[in-house]
Amino acid sequence: RHAIDCGCDPLVAIQMATINTASHFGMERELGSITPGRRADFIVTSSLRELPIESVFARGQCIAEHGKLLTDCSRSSRHGSQIFGSLSWRRFMV
């Protein structure tokens with residue numbers, strides 16, 4: 001949103017936050033685009049300029065819609081353990 005507010009084209013801003021970031025961290029085979037075989041984490045929005053978040057999908061399942069959480073995301077829940085364990089932070093630590 002900040003990049004768009006600063007005049008960046010919305011599609012370029014989304015690319016910067018998705019595929020470019022995944023590529024930077026060497027994770028473009030897992031993240032960054034909606035492609036067969038990749039994790040299906042994405043948002044649904046009704047406007048590319050304002051980016052209101054209508055729905056949130058994690059691993060292909062809708063977990064939030066219209067500002068309401070639809071699943072338990074505590075660390076002990078099935079979804080929570082997937083969310084908290086979805087990245088290996090050691091990969092990014094120097």
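Quick note: structure is the one above.
Everything in this summary refers to the structure shown in the same document.

1. Considerations on the overall build of the protein chain
Per the secondary structure count, the protein chain includes four helices and four strands. The N-to-C order of helical and strand elements in the protein chain reads α-α-α-β-β-β-β-α. The buried share among the 94 residues of the protein chain stands at 18%. Taking all contacts inside the protein chain whose residues are at least 6 apart in sequence as the whole, residues at least 24 apart take part in 23%.

2. With respect to unusual backbone geometry
The phi dihedral of Leu-51 falls on the positive side, at around 55 degrees, and the residue is not glycine. Secondary-structure assignment places Leu-51 in the loop between strand 1 (42–45) and strand 2 (53–58). For His-66, which is not a glycine, the phi torsion comes out positive at approximately 50 degrees. Turning to its location among the elements, His-66 is positioned in the loop between strand 3 (61–65) and strand 4 (68–69). Relative accessible area serves as the criterion here: at 60%, His-66 is assigned to the exposed category.

3. Focus: the sheet that holds strand 4
Taking strand neighbours across the sheet as the criterion, the four strands line up as 1-2-3-4 in an open arrangement whose pairing is antiparallel. Looking along the sheet, the strands with just one partner apiece sit at the ends: strand 1 and strand 4. With two bridges joining them, strand 3 and strand 4 adopt antiparallel strand pairing. Bridging across to strand 4, Glu-65 finds its partner in Lys-68.

4. Overview of the packing of aromatic side chains
For the structure shown, the criterion picks out one aromatic pair. Each ring, one from Phe-42 and one from Phe-57, has its centre 4.7 Å from the other, and the planes form 10 degrees; the classification is stacked. Of the two residues, Phe-42 sits in strand 1 while Phe-57 sits in strand 2, which places them 15 residues apart along the sequence. On the basis of relative accessible area, Phe-42 is assigned to the partly exposed category, the value being 27%.

Reading guide: rules and limits
- Residues numbered from 1 in each chain as written.
- Predicted model: local features only at pLDDT ≥ 70, side-chain atom pairs only at ≥ 80, totals over all residues.
- Heavy atoms only, no water.
- Helix = DSSP H or I, 4+ residues; strand = E, 2+ residues; numbered from the N terminus.
- Buried < 20%, exposed > 50% of the residue type's maximum accessible area, 1.4 Å probe, protein only.
- Contact = heavy atoms within 4.5 Å.
- Pairing = 2+ DSSP bridges.
- Phe/Tyr/Trp six-rings, centres within 6.5 Å; stacked < 30°, edge-to-face > 60°.

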